[in-house]
Amino acid sequence: MPSYEQLSGLLDPVTTVLLTVECQQGVVGPDSALPELAQEARSSGALANVARLVTGAHESGVQVIHAIAERRPDGRGGSRNARLFRAAERLPVQQLSGSAAVRVAAPIEVAEEDIVVRRLHGLSPIQGTEVDALLRNLGARTLIVTGVSANVAVPNAVFDAVNRGYTAVVPTDAIAGVPSDYTPAMIRNTLALVATVATTDEVLACWKGPRVTRA
């Protein structure tokens, strides 16, 4: 774990963006298409910690981006080149554009200044989406990655951020995957090699103080 001084140096509100990954009703909500993942995200406290980080970001002037995965009702433009995508097509809950399933899930609060980025294809919230251009336009140097899943989308986001020159920070108690013992193994053996790992409390402690307003 980094020292308070090291972490504070990375988390300047002016150059930090908080990314929530697939924290949508159809994934982590009560009527999830993936009930095991939704249960883990809630019972582990990860979803609650994402909500705490979003609130802290709003209070500190840190930009929040919500990355949502969805598909058109006709499936046009969607990916079918992996078993995961084909299995998702058969799930009883579909992440259809405009539906309740693709709304950001409670208890996360979406503020007016938040940006919601929606994707129709792929595994990553960054590759092939607007996120990289938005980060550059926002002057971001550090990207905090939160949400689900530690199996697929979260590591994709971390790798893509690092490959594009950003410093990735992963709050270890604000991501979730299945089974429950997979997330700490992923953090220890993979994410910690390329990202700065911390806790939600440590990140929030760095943001205490007067609100910073972006230009």
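Reading the values: rules and limits
- Residues numbered from 1 in each chain as written.
- Predicted model: local features only at pLDDT ≥ 70, side-chain atom pairs only at ≥ 80, totals over all residues.
- Heavy atoms only, no water.
- Core = buried A, V, L, I, M, F, W, Y, C linked by side-chain atoms within 4.5 Å.
- Buried < 20%, exposed > 50% of the residue type's maximum accessible area, 1.4 Å probe, protein only.
- Helix = DSSP H or I, 4+ residues; strand = E, 2+ residues; numbered from the N terminus.
- Contact = heavy atoms within 4.5 Å.
- Arc of directions from axis to C-beta.
- 1 Å grid on protein atoms, 1.4 Å probe; cavity = no way out; pocket = protein on both sides within 12 Å on 5 of 7 lines; lining within 4 Å.
- Points joined across faces, edges and corners; volume = space filled by probe spheres on them.
- Nonpolar A, V, L, I, M, F, W, Y, C, P; charged D, E, K, R; others polar.
- Expected span 1.5 Å × (residues − 1).
- Bend = angle between axes of the 7 residues up to and from the residue.
- Salt bridge = Lys/Arg side-chain N within 4 Å of Asp/Glu carboxyl O.
- Axes fitted to C-alpha atoms, helices over the stretch in contact; angles between N-to-C directions.
- Parallel < 35°, antiparallel > 145°, perpendicular 65-115°, else oblique.
- Left-handed = near helix turned anticlockwise from the far one by under 90°.

Chemist: What exactly am I supposed to notice about the nonpolar core here?
Modeler: Note on soluble globular proteins: their nonpolar side chains tend to be buried together. Counting 32 residues, the largest nonpolar core has Leu 11, Leu 18, Ile 108 and Trp 207 as the members making the most contacts within it. Mapped onto this core, the elements with two or more residues apiece are helix 2 (25–28), helix 3 (35–43), helix 4 (46–60), strand 2 (63–69), strand 4 (142–148) and helix 9 (200–206). Top element by residues in this core is helix 4. It accounts for seven residues. Leaving out residues up to four positions away in the same chain, Leu 11 has contacts with Thr 16, Thr 142, Ile 144, Val 169, Val 203, Cys 206 and Trp 207. Counting 27 residues, the second-largest nonpolar core is a separate cluster that includes Ala 153, Ile 175, Ile 187 and Val 197.

Chemist: Looking at this structure, how should I read helix 3?
Modeler: Burial in helix 3 covers these residues: Leu 37, Ala 38, Glu 40 and Ala 41. End-on view of helix 3: buried residues confined to an arc of 165 degrees, all on one side of the axis. Turned more than 90 degrees away from the buried face of helix 3, the exposed residues are Pro 35, Glu 36, Gln 39 and Ser 43. On its buried face, helix 3 sits against helix 2, helix 4, strand 4 and strand 6 (175–176). Residue Gly 45 follows helix 3 closely and has a positive phi angle near 90 degrees.

Chemist: For this particular structure, what's the right way to read the layout of surface pockets?
Modeler: Rolled over the atoms, a probe with the dimensions of a water molecule shows which regions are left empty. Of the volumes computed, that of the largest pocket is approximately 840 Å³. Every element with two or more residues in the lining of the largest pocket is listed here: helix 3 and helix 5 (83–88). For the lining of the largest pocket, the leading source of residues is helix 5, giving four residues. Classifying every residue of the lining of the largest pocket by side-chain character gives 18 nonpolar, 10 polar and seven charged.

Chemist: Just to check I follow, could you spell out helix 8 (residues 182–194) for this structure?
Modeler: Every α-helical turn comprises 3.6 residues, leaving residues that sit three or four positions apart pointing alike. Here helix 8 contains 13 residues, and its C-alpha end-to-end distance of 18 Å stays within 8% of the 18 Å for a straight helix at 1.5 Å per residue. Taken as a whole, helix 8 carries its principal kink of about 40 degrees at Arg 188.

Chemist: Just to check I follow, could you spell out the pattern of salt bridges for this structure?
Modeler: For side chains of opposite charge, pairing can occur when their charged atoms come near one another. Applying the stated criterion across every chain yields a total of nine salt bridges. A salt bridge links Asp 201 to Arg 52; the nearest nitrogen and oxygen atoms lie 2.5 Å apart. Of the two residues, Asp 201 is situated in helix 9 and Arg 52 in helix 4; the sequence distance between them amounts to 149 residues. Take Arg 52: its relative accessible area is 36%, and that puts it in the partly exposed class.

Chemist: Hey, could you run me through the packing of helix 7 (residues 153–163) against helix 8 in this one?
Modeler: Two packed helices can be described by the angle between their axes and the distance between those axes. Helix 8 packs onto helix 7 with a crossing angle of 20 degrees between their chain directions and a minimal axis gap of 9 Å. In terms of axis orientation, helix 7 runs roughly parallel to helix 8. In terms of crossing hand, the pair formed by helix 7 and helix 8 is left-handed. Taken together, the residues of helix 8 that come into contact with helix 7 (itself represented by Val 154, Pro 155, Val 158, Phe 159 and Val 162) are Met 186, Thr 190, Leu 191 and Val 194. Residues of the contact of helix 7 with helix 8, tallied by class, amount to eight nonpolar, one polar and no charged.

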